[in-house]
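# Architecture and fold: a report
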Amino acid sequence: MAIEIASFVSNKLQMLATSDHASVVSMNLFVALLCACIVLGHLLEENRWMNESITALLIGICTGVVILLFSGGKSSHILVFSEDLFFIYLLPPIIFNAGFQVKKKQFFRNFMTITSFGAVGTLISCCIITLGATQAFKRMDIGPLELGDYLAIGAIFAATDSVCTLQVLNQDETPLLYSLVFGEGVVNDATSVVLFNAIQSFDLNRLNPSIALHFLGNFLYLFVASTLLGVLTGLLSAYVIKKLYIGRHSTDREVALMMLMAYLSYMLAELSYLSGILTVFFCGIVTSHYTWHNVTESSRVTTKHAFATLSFVAEIFIFLYVGMDALDIEKWKFVSDSPGTSVAASSVLLGLILLGRAAFVFPLSFLSNLTKKSPYEKISFRQQVIIWWAGLMRGAVSMALAYNQFTMSGYTQLRSNAIMITSTITVVLFSTVVFGLLTKPLIRLLLPHPKVTTSMTTTEPSTPKSFIVPLLGNAQDSEADLEGHQIYRPNSIRALLATPTHTVHRLWRKFDDSFMRPVFGGRGFVPVEPGSPSERNGQQWH
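Below or above, wherever it landed, is the structure these notes cover. No experiment lies behind these values; they were computed from the predicted model shown. (Residues numbered from 1 in each chain as written. Predicted model: local features only at pLDDT ≥ 70, side-chain atom pairs only at ≥ 80, totals over all residues. Heavy atoms only, no water.)

## Things to note about a nonpolar patch on the surface
A cluster of nonpolar side chains, Val-39, Leu-40 and Leu-43, forms an exposed patch at the surface whose accessible area comes to about 280 Å². Inspection of the secondary structure assignment puts Leu-43 in helix α1 (residues 2-43). Given a relative accessible area of 63%, Leu-43 falls into the exposed group. (Patch = residues over 30% accessible without salt bridge, like charges linked within 9 Å, V, L, I, M, F, W, Y side chains within 5 Å. Areas by Shrake-Rupley, 256 points an atom, 1.4 Å probe, with all protein chains shown as cover. Salt bridge = Lys/Arg side-chain N within 4 Å of Asp/Glu carboxyl O. Helix = DSSP H or I, 4+ residues; strand = E, 2+ residues; numbered from the N terminus. Buried < 20%, exposed > 50% of the residue type's maximum accessible area, 1.4 Å probe, protein only.)

## As for the packing of aromatic side chains
Following the criterion strictly, the structure yields 23 aromatic pairs and no others. Relative to Phe-317, the ring of Phe-30 lies with its centre 4.9 Å away and its plane at 25 degrees, an arrangement referred to as stacked. Note that Phe-30 is positioned in helix α1 and Phe-317 in helix α12 (residues 297-325), a separation of 287 residues in sequence. Phe-317 carries the same exposure label as Phe-30, and that label is buried. Plain terms: the ring middles of Phe-107 and Phe-111 are 5.8 Å apart, the flat faces sit at 70 degrees to each other, and that makes the pair edge-to-face. Overall, the relative accessible area of 22% leaves Phe-111 in the partly exposed class. Taken together through their ring pairs, the aromatic side chains of Phe-107, Phe-108, Phe-111, Tyr-178, Phe-182, Phe-281 and Phe-282 make up a single cluster. (Phe/Tyr/Trp six-rings, centres within 6.5 Å; stacked < 30°, edge-to-face > 60°.)

## Thoughts on helix α10 (residues 251-271)
With 21 residues, α10 should cover 30 Å at 1.5 Å per step; its first-to-last C-alpha distance of 30 Å lies within 8% of that length. Every buried residue of α10 is listed here: Glu-254, Val-255, Met-258, Met-261, Ala-262, Ser-265, Tyr-266 and Ala-269. Looking straight down α10, one finds its buried side chains confined to an arc of 130 degrees; they lie on one side. Turned more than 90 degrees from where α10 packs its buried face, Asp-252, Arg-253, Leu-260 and Leu-271 sit exposed. Looking at the buried residues of α10, the elements they touch are α3 (83-101), α9 (209-244), α11 (276-294) and α12. Just past α10, the residue Tyr-273 takes up positive phi, approximately 60 degrees. (Expected span 1.5 Å × (residues − 1). Arc of directions from axis to C-beta. Contact = heavy atoms within 4.5 Å.)

## Observations regarding the packing of α3 against α10
For the pair α3 and α10, the least separation of the axes is 10 Å and the interaxial angle reads 115 degrees. Judged by the angle between their axes, α3 and α10 are roughly perpendicular. Here the hand of the crossing between α3 and α10 comes out right-handed. Between α3 and α10, the residues in contact are Phe-87, Ile-88, Tyr-89, Pro-92, Phe-96 and Phe-100 and Met-258, Ala-262, Tyr-263, Tyr-266 and Met-267, respectively. Residue classes in the contact of α3 with α10 are distributed as eleven nonpolar, no polar and no charged. (Axes fitted to C-alpha atoms, helices over the stretch in contact; angles between N-to-C directions. Parallel < 35°, antiparallel > 145°, perpendicular 65-115°, else oblique. Left-handed = near helix turned anticlockwise from the far one by under 90°. Nonpolar A, V, L, I, M, F, W, Y, C, P; charged D, E, K, R; others polar.)

## Some details on empty space enclosed by the protein
Empty space among the atoms becomes visible once a probe the size of a water molecule is rolled across them. Taken as a whole and judged by the stated rule, the model has two cavities of 30 Å³ or more. As for the largest cavity, its lining consists of Val-187, Ala-190, Thr-191, Val-194, Phe-219, Leu-222, Phe-223, Ser-275 and Leu-278. The set of elements that each furnish at least two residues to the lining of the largest cavity consists of α8 (175-201) and α9. Top contributing element to the lining of the largest cavity by residue count: α8, with four residues. Its residues assigned to classes, the lining of the largest cavity comprises seven nonpolar, two polar and no charged. (1 Å grid on protein atoms, 1.4 Å probe; cavity = no way out; pocket = protein on both sides within 12 Å on 5 of 7 lines; lining within 4 Å. Points joined across faces, edges and corners; volume = space filled by probe spheres on them.)

## Things to note about the packing of helix α5 (residues 111-139) against helix α14 (residues 339-370)
Packing of α5 against α14 brings their axes to within 8 Å, and their N-to-C directions diverge by 145 degrees. Considering how the two elements wind past one another, α5 and α14 form a crossing that is right-handed. Tallied by class, the residues present in the contact of α5 with α14 amount to 17 nonpolar, eight polar and one charged.

## With respect to helix α6 (residues 147-158)
For α6, which comprises twelve residues, the first-to-last C-alpha distance of 17 Å matches the rise-based estimate of 16 Å (1.5 Å per residue) to within 8%. Of all twelve residues making up α6, ten are buried, and the element is well covered by its neighbours. Residues of α6 that are buried include every one of Gly-148, Asp-149, Tyr-150, Ala-152, Ile-153, Gly-154, Ala-155, Ile-156, Phe-157 and Ala-158, and no others. The elements touched by buried residues of α6 are α5, α8, α14, α16 (396-406) and α17 (415-446).

Geometric descriptors of this kind do not, in isolation, establish any biological role.
Set out below in structure tokens:
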């Protein structure tokens, strides 16, 4: 008996050792591939077609092919695509850094347009993709798909790839387009995830108007609650760091606290069944406006580069991950007997994505232009075409939702589910590579001089100076900074309604200077060490 137990334990230990060794090999390969992506990305920096996301995707596919050959056609990846890994570890640093570095003036100036694109536009796109897929797939004999599957397909393919948008659009060259497309992407991702979860939770066998009202109320609650949670978490970190002034003893602690509070906001949102994407995005905005100014100067440099580096590595990891998983032989075996069906399904989905996006970008842009008085603030037709095109890319959010709906722990045994997974992979690869490659040339073609075309938006200082602009204001920090400049102040309700943006900006600056920054910190309200550059700079603002 003792010999059997010893043999059993020995076998288990051997299996664990083999498993640990395989994990070490996998991580070594992934780190080496990440390094290769960074080096190649640097060498292709000046290329007008390529960017790091496409480079990582192609390297991932090539690596998958090599692994497939070495394994004798058994496997093409060393890690199975995990939605938990994506949503919990990889997405938060990307979205937080985007909020941390976003040009706040542009984002809030176009907030209503961004929200309409991201929320209303996603619903329109989802409806068109669902209706189109229902009609087309029933004729193609894909297999047994239920109403919930078709609705999920609409939510899956309505989700744009905000990560790839960061790579193909330049915030300094086209700030208006960047703020609209990326801002829409963040709201769109949140809306798609909320929509997807709602589809899974509602009883679709009993559809009635109350379900639609319940969904609308649920979405508004999630949007407002998620935003407030992000803002409150950002304000809490700003207050704690300002009050305790941790940096006088240890800059490591204040940097660690900033990072952990940012991640805590995301996890609290997930714990509360809210949208972690929206929460961490707005936490990033508040952190850059208040908390970032409350830390020491060395910590400011450290955090700026740390957040950017984490985001950059996570982006590359995602595309490498998706590229390697694209050749998963198990899923392609199910469609090997009818490759035409898979290609047809992918083509239908791509056509519906093109149609669904056009169905809301152009009408909603027209409505947005009706509310703008100045012709410089209106979205031109050429800009609308770029917004339509730049949002066609599908990425890891679509992959994660598709795996959630059509697989069990990354594996599937049904032909219809396998076709949907392979179609999702095809759409993600095609849209990222083809649409991503053509976005930069399209911008150069339609907007040959972007800095001139968007001159009304380039008055804002670029990063890292963009960290010190007010949340809703212009480049000036307070009304004291406007000395010598005439400020337009509406003297009637009609004038106020005619220039609502400027009025809100001015009122926000006043409120921010009087109430918010004295409590939560910010430029001009920062505890400083005697004789430090911050003290000398602070004296200039008083």
